[in-house]
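The lines below spell out each chain.
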Amino acid sequence: MLATILDGNKIRDEIQAELLQQVADLKRRGVTPGLAAVLVGDNPASQIYVRSKVQASETLGLYSQKIEPSKNSTTEELLGLVHSLNQDERIDGILIQLPLPPQVDSRRVLNTVDPAKDVDGFHSVNLGNLVAGRPGFVPCTPAGILEILKRSKIPLSGARAVVIGRSDIVGKPVAMLLLHEHATVTICHSRTRDLPAVARQADILVAAIGKAAFVTAEFIKPGATVIDVGINRLTTQEEVRNVFHDPASRLETLAKRGSVLVGDVQPEDARSIAGAFTPVPGGVGPLTVIMLMSNTIKAARQRRAVAGG
Ligand code: NAD
């Protein structure tokens, strides 16, 4: 039997409908949640991400500001900007798009954001709260993965979960969230021995590696739930042929668009072996942006002391 596709766009739409209600309720009380997106430099992927975040906030009727300091900005200049956003009453959430240019001390900048406005959940205080299982802001991609699993009714308590990748943005926080849901969690990385055998024990396998179609049939236990976080772009026919067993339709996409998106999981293997999996595109990606919106609305409720925040 072919695996169920966990449709991230559908789950995003469900959450968006809930958030629209929450925004309407806040506006009735005179509160318009506000998001400031800070984009430093001209990284094309960052530009696309920030555009989609600003668009999402407009769709929900939030107040949004896109701020684009020069790519030559110093750490001190960015600290000054963050201080002024911390003071700005219209702003509930501050998003610093990563990566920052190499001359900037990213950790200092992230740790200067008021933790109450840290809607990306990257401030050390929020990371500490996440580890301790205390209320705070949870990084958006891991929070989105939990929404997919819970709304798809995938059993978590007692399940064996394997996370491949140990980044601060995805791997570590998603492992913590799964642990708090009472899964038995293993975190794997580039030095893990016999990775396919470890992965094959997973009821829930999360791949956050950044390597095209790295997770193949030998990593997947039959019936497992596979969450593919990776976003990788294939740009040559050879790459497409190496990744896909049946490349015809992908080669057409390559000819039309100049690239083919693929996750960290070989999608044909996931489809034939897993019980359920997130596609790329259309799986985890749509959740990341909507969870940023959810965090911003939560920040507005908490900061402006609206009941239920
Ligand atoms: P990262 O580069 O910070 O971390 C990658 C991790 O993979 C590292 O911890 C490393 O140990 C591990 N790794 C690398 N090579 C490995 C190997 N051969 N075997 C086992 N582990 C290995 O990346 P990240 O920021 O966590 O992102 C991972 C992927 O997820 C990227 O493709 C990124 O574009 C994507 N991503 C997607 C979203 C989304 O919204 N869908 C959000 C964030 C990141």
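Keep in mind that this is a model prediction, so the values were computed, not measured.

Student: I'd like a description of the site of the ligand, backed by residues and values.
Tutor: As a structural note, the neighbourhood of the ligand is formed by 21 residues, with Arg 166, Ser 167, Lys 211, Val 229 and Thr 288 the closest of them. Residue Arg 166 places a main-chain N or O atom 2.8 Å away from an oxygen atom belonging to the ligand. Against a free-state accessible area of 860 Å², the protein chains account for coverage of 73% of the ligand. A molecule is said to occupy a pocket when more than half its atoms come within 2 Å of that pocket's grid points, and by this definition the ligand occupies the largest pocket.

Student: Hey, could you go over helix H5 (residues 124–132) for me, with residue numbers and the actual values?
Tutor: Each turn of an α-helix holds 3.6 residues, which means side chains three or four residues apart point in the same direction. Residues of H5 that are buried include every one of Asn 126, Asn 129 and Leu 130, and no others. One side of H5 carries all its buried residues, which in axial view fall inside an arc of 100 degrees. Away from its buried face, by an angle of more than 90 degrees, H5 presents the exposed residues Val 131 and Ala 132. For H5, the elements touching its buried residues are helix H7 (171–180). Downstream of H5 by a residue or two, Gly 133 has a phi angle that is positive, lying close to 70 degrees.

Student: Mind laying out the nonpolar core, listing which residues take part and the relevant values?
Tutor: Generally speaking, nonpolar side chains in soluble globular proteins are found buried as a group. In terms of nonpolar packing, the biggest core is built from 53 residues, with Ile 145, Leu 178, Val 206, Ile 227 and Met 293 touching the most fellow members. Elements that contribute at least two residues to this core include exactly helix H1 (8–28), strand S2 (34–38), helix H2 (44–59), helix H6 (140–151), strand S5 (160–164), H7, strand S7 (204–207) and helix H12 (285–303). Top element by residues in this core is H12. It accounts for 9 residues. Viewed by domain, this core spans two of them, domain 1 (26–137 + 288–303) and domain 2 (140–284), each represented by three or more residues. Those residues in contact with Met 293 that sit more than four places away from it in its chain are Leu 19, Leu 35, Lys 53, Ala 56, Ser 57, Leu 60 and Leu 62. Membership of the second largest hydrophobic core comes to 18 residues, among which are Val 38, Val 82, Ile 96 and Val 109.

Student: Could you give an account of the pattern of salt bridges, with specific residues and numbers?
Tutor: A complete count under the given rule lists 15 salt bridges for this structure. The partner of Asp 92 in a salt bridge is Arg 303, with the nearest N and O atoms 3.1 Å apart. One end of the pair, Asp 92, is in the loop between helix H3 (75–87) and strand S4 (93–96); the other, Arg 303, is in helix H12, with 211 residues separating them in the sequence. Across the salt bridge formed by Lys 172 and Asp 168, the nearest N and O atoms sit 2.7 Å from each other. Accessibility expressed as a relative area gives 41% for Lys 172, which makes it partly exposed. The partly exposed category is assigned to Asp 168, whose relative accessible area is 43%. Linked through salt bridges whose partners overlap, the residues forming this network are Glu 14, Glu 18, Glu 147 and Arg 151.

Student: Explain the domain arrangement of the chain residue by residue, including any values.
Tutor: Each assigned domain of the chain is listed with its residue range as follows: domain 1 (26–137 + 288–303) and domain 2 (140–284). With centres defined by C-alpha atoms, the gap from domain 1 to domain 2 works out at 27 Å. Of the residues lining the interface, 13 residues belong to domain 1; the matching set on domain 2 comes to 12 residues. Counting the surface domain 1 buries against domain 2, the share from its top three residues, Leu 130, Thr 288 and Met 291, is 53%. Run the count over domain 1 and domain 2 and you get 0 salt bridges. Scanning the region where domain 1 abuts domain 2 turns up 3 residue pairs in polar contact (both at pLDDT 80 or more). If one sorts the elements of the side of domain 1 that touches domain 2 by residue count, H12 sits on top with 4 residues. Its residues assigned to classes, the side of domain 1 that touches domain 2 comprises 9 nonpolar, 3 polar and 1 charged.

Student: A description of a nonpolar patch on the surface should follow, citing residues and the corresponding values.
Tutor: A contiguous nonpolar patch, built from Ile 48, Tyr 49 and Ile 231 and spanning about 280 Å² of accessible area, is present on the exposed surface. Note that Ile 48 resides in helix H2.

Student: Describe the sheet that holds S2, and please don't skip the residues or the numbers.
Tutor: Read across the open sheet, the 3 strands follow the order S3-S2-S4; overall the sheet is parallel. Whereas interior strands pair on both sides, the edge strands pair on one side only; in this sheet they are strand S3 (63–67) and S4. Between one strand axis and the next, the sheet turns by 15 degrees as a mean value, whatever way the strands run. Those strands touched by H12 are S2 and S4, and its axis lies near 130 degrees from that of S2.

Student: Which residues make up the layout of surface pockets, and what are the values?
Tutor: The gaps of empty space that remain are located by a probe, the size of a water molecule, rolled over the atoms. Taken as a whole, the largest pocket encloses approximately 1,500 Å³ of empty space. If you go around the largest pocket, you meet 47 residues; those closest to its centre are Tyr 49, Thr 141, Ile 231, Gly 285 and Thr 288. Looking at the lining of the largest pocket, the elements that each hand over two or more residues are H1, H2, S4, H6, strand S9 (232–234) and H12. Residue composition of the lining of the largest pocket, grouped by class: 26 nonpolar, 15 polar and 6 charged. Space inside the second largest pocket adds up to approximately 490 Å³. Only H1, H5, H6, H7 and H12 provide two or more residues apiece to the lining of the second largest pocket. For the lining of the second largest pocket, the element with the most residues is H6, which contributes 5 residues. Taken together, the residues that form the lining of the second largest pocket break down as 10 nonpolar, 8 polar and 7 charged. When we break the lining of the second largest pocket down by domain, the ones giving at least three residues each are domain 1 (26–137 + 288–303) and domain 2 (140–284).

Cut-offs applied
Residues numbered from 1 in each chain as written. Predicted model: local features only at pLDDT ≥ 70, side-chain atom pairs only at ≥ 80, totals over all residues. Heavy atoms only, no water. Near = heavy atom within 4 Å. Polar contact = N/O pair within 3.5 Å; in protein donor to acceptor, adjacent residues only side chain to side chain. Areas by Shrake-Rupley, 256 points an atom, 1.4 Å probe, with all protein chains shown as cover. 1 Å grid on protein atoms, 1.4 Å probe; cavity = no way out; pocket = protein on both sides within 12 Å on 5 of 7 lines; lining within 4 Å. Sits in = over half its atoms within 2 Å of the grid points. Buried < 20%, exposed > 50% of the residue type's maximum accessible area, 1.4 Å probe, protein only. Helix = DSSP H or I, 4+ residues; strand = E, 2+ residues; numbered from the N terminus. Arc of directions from axis to C-beta. Contact = heavy atoms within 4.5 Å. Core = buried A, V, L, I, M, F, W, Y, C linked by side-chain atoms within 4.5 Å. Domains from an automatic or database assignment. Salt bridge = Lys/Arg side-chain N within 4 Å of Asp/Glu carboxyl O. Buried area = accessible area lost by both parts, 1.4 Å probe. Nonpolar A, V, L, I, M, F, W, Y, C, P; charged D, E, K, R; others polar. Patch = residues over 30% accessible without salt bridge, like charges linked within 9 Å, V, L, I, M, F, W, Y side chains within 5 Å. Pairing = 2+ DSSP bridges. Axes fitted to C-alpha atoms, helices over the stretch in contact; angles between N-to-C directions. Points joined across faces, edges and corners; volume = space filled by probe spheres on them.

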